[in-house]
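Close look at the chain arrangement
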Amino acid sequence: MLERIVQRICGAIESAGRVMIVPHQYPDGDALGAATALAAWCSSRQIICTVFCATPIPYTLRFLPFAESITSDPEVWERERYDAVVIVDSGDPVYAGAEPFLSALPYRPILINIDHHPTNTRFGDLNLVVPAASSTSEILYTFFTLNKIPISAAMATSLMTGLITDTGTFTNSATSRLSLAVGGELIKKGADLKTIKRSVLSDKSIEALKLWGIILSRLELEPETGIAYTYFKRHDLEKHPVKEEEADGIANLLNYLSEGRAALVLKERDGGTVKGSFRTTRDDLDVSAWAKKLGGGGHKKAAGFTVAGTVEEVLEKVLAAVRD
Ligand SMILES: [Mn+2]
């Protein structure tokens, strides 16, 4: 079953004249690790590919091979004709940031969906969705291996970045025997752990950690729901001007909490919306179900949503949804 779909996807990409690869917007290490590993393979096979990301690449991930060729220019959708569009690490094309461009195309490319989110809508013509996988990068490792595609050191570095990101450096519940084994294989193939560590793990400035300090000092436990929550206001980011991606990551830190059932970080965004991130380490809790009620999605232990309103209003909505 898995073998058939990976072969079909491989065939579709290899026979395409031109391929578009799309990691999700506000990309993380897994989205970009998967996208750049695919791009490295395509270029080794002389398959012409474009990698499009709707929002800029975080500076911490610019070390990835092919990262410099990733474009956020929407015109690439009109400039060329793509036979295949591969969306990686996205539950649906809207989350990916590909939807407005895809639906505006005057032709229909083959849509390929490679992902591990349990909330994935199977939107592709070809769907390689493995919710049990730690990361999309882990799925791609299997994809390359089953198709007997050699994994270069550059590809290994990309995939390892995805694994490290999505497993919280092999500590969170996504960590499995397979993810650890794949990590070992990727090191064998030359994954540059030193650079990944320097770029992805030690990436916070003093200003960013000061901001984290403020956010952490606001932690409260809501006794009825067992949710420990905190929040960012826009003025926090004005007072501590840090890059968007430096402010992120605090939700993962809350996996260290021993109190409560789940953690929630709310972040006020421009345009009157609030982005929420849930984390839990409890076996009996599925936070993606809560995120789904709020129009979002994700994984059982890490999920998110975006809701209109102020931080206070959104917190009430969230608590009501959880109590429900
Ligand atoms: Mn992922």
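Just so you know, these numbers come straight off a predicted model, no measurement behind them. (Residues numbered from 1 in each chain as written. Predicted model: local features only at pLDDT ≥ 70, side-chain atom pairs only at ≥ 80, totals over all residues.)

This part is about the packing of helix α2 (residues 29–44) against helix α7 (residues 153–166). At a minimum axis distance of 7 Å, the contact between α2 and α7 shows a crossing angle of 165°. When the axis of α2 is compared with that of α7, the two are roughly antiparallel. Pair α2 / α7 crosses with left-handed handedness. Contacts between α2 and α7 involve G29, D30, G33, A34, T36, A37, A40 and W41 from the former and A154, M155, S158, L159, T161, G162, I164, T165 and D166 from the latter. (Axes fitted to C-alpha atoms, helices over the stretch in contact; angles between N-to-C directions. Helix = DSSP H or I, 4+ residues; strand = E, 2+ residues; numbered from the N terminus. Parallel < 35°, antiparallel > 145°, perpendicular 65-115°, else oblique. Left-handed = near helix turned anticlockwise from the far one by under 90°. Contact = placed C-beta atoms within 7 Å.)

This brings us to the domain arrangement of the protein. Domains assigned within the protein are domain 1 (2–201) and domain 2 (206–323). Relative to domain 2, the C-alpha centre of domain 1 lies at a distance of 26 Å. If you look at the interface, domain 1 gives ten residues, while domain 2 gives twelve residues. For the side of domain 1 that touches domain 2, a count of residues per class yields three nonpolar, seven polar and no charged. (Domains from an automatic or database assignment. Nonpolar A, V, L, I, M, F, W, Y, C, P; charged D, E, K, R; others polar.)

Taking 1.5 Å as the rise per residue, helix α8 (residues 177–188) with twelve residues should run 16 Å; its terminal C-alpha atoms sit 17 Å apart, in good agreement. By the burial criterion, the buried members of α8 are S179, V182, G183 and L186. Relative to the axis of α8, the buried residues are bounded by an arc of 105° and lie together on one face. The outward face of α8, more than 90 degrees from its buried face, is lined by the exposed residues R177, A181, G184 and K188. In this structure, the buried residues of α8 make contact with α6 (136–146) and α7. Taken from the residues just after α8, G190 is the one with a positive phi, measuring 105°. (Expected span 1.5 Å × (residues − 1). Buried ≥ 20, exposed ≤ 12 C-beta atoms within 10 Å, placed from the backbone. Arc of directions from axis to C-beta.)

This next bit is on the packing of α6 against α7. At a minimum axis distance of 7 Å, the contact between α6 and α7 shows a crossing angle of 140°. Of the possible angle classes, the one that applies to α6 and α7 is oblique. Contacts between α6 and α7 involve T136, S137, E138, L140 and Y141 on the former and, on the latter, L159, G162 and L163. Here the contact of α6 with α7 is composed, by residue class, of four nonpolar, three polar and one charged.

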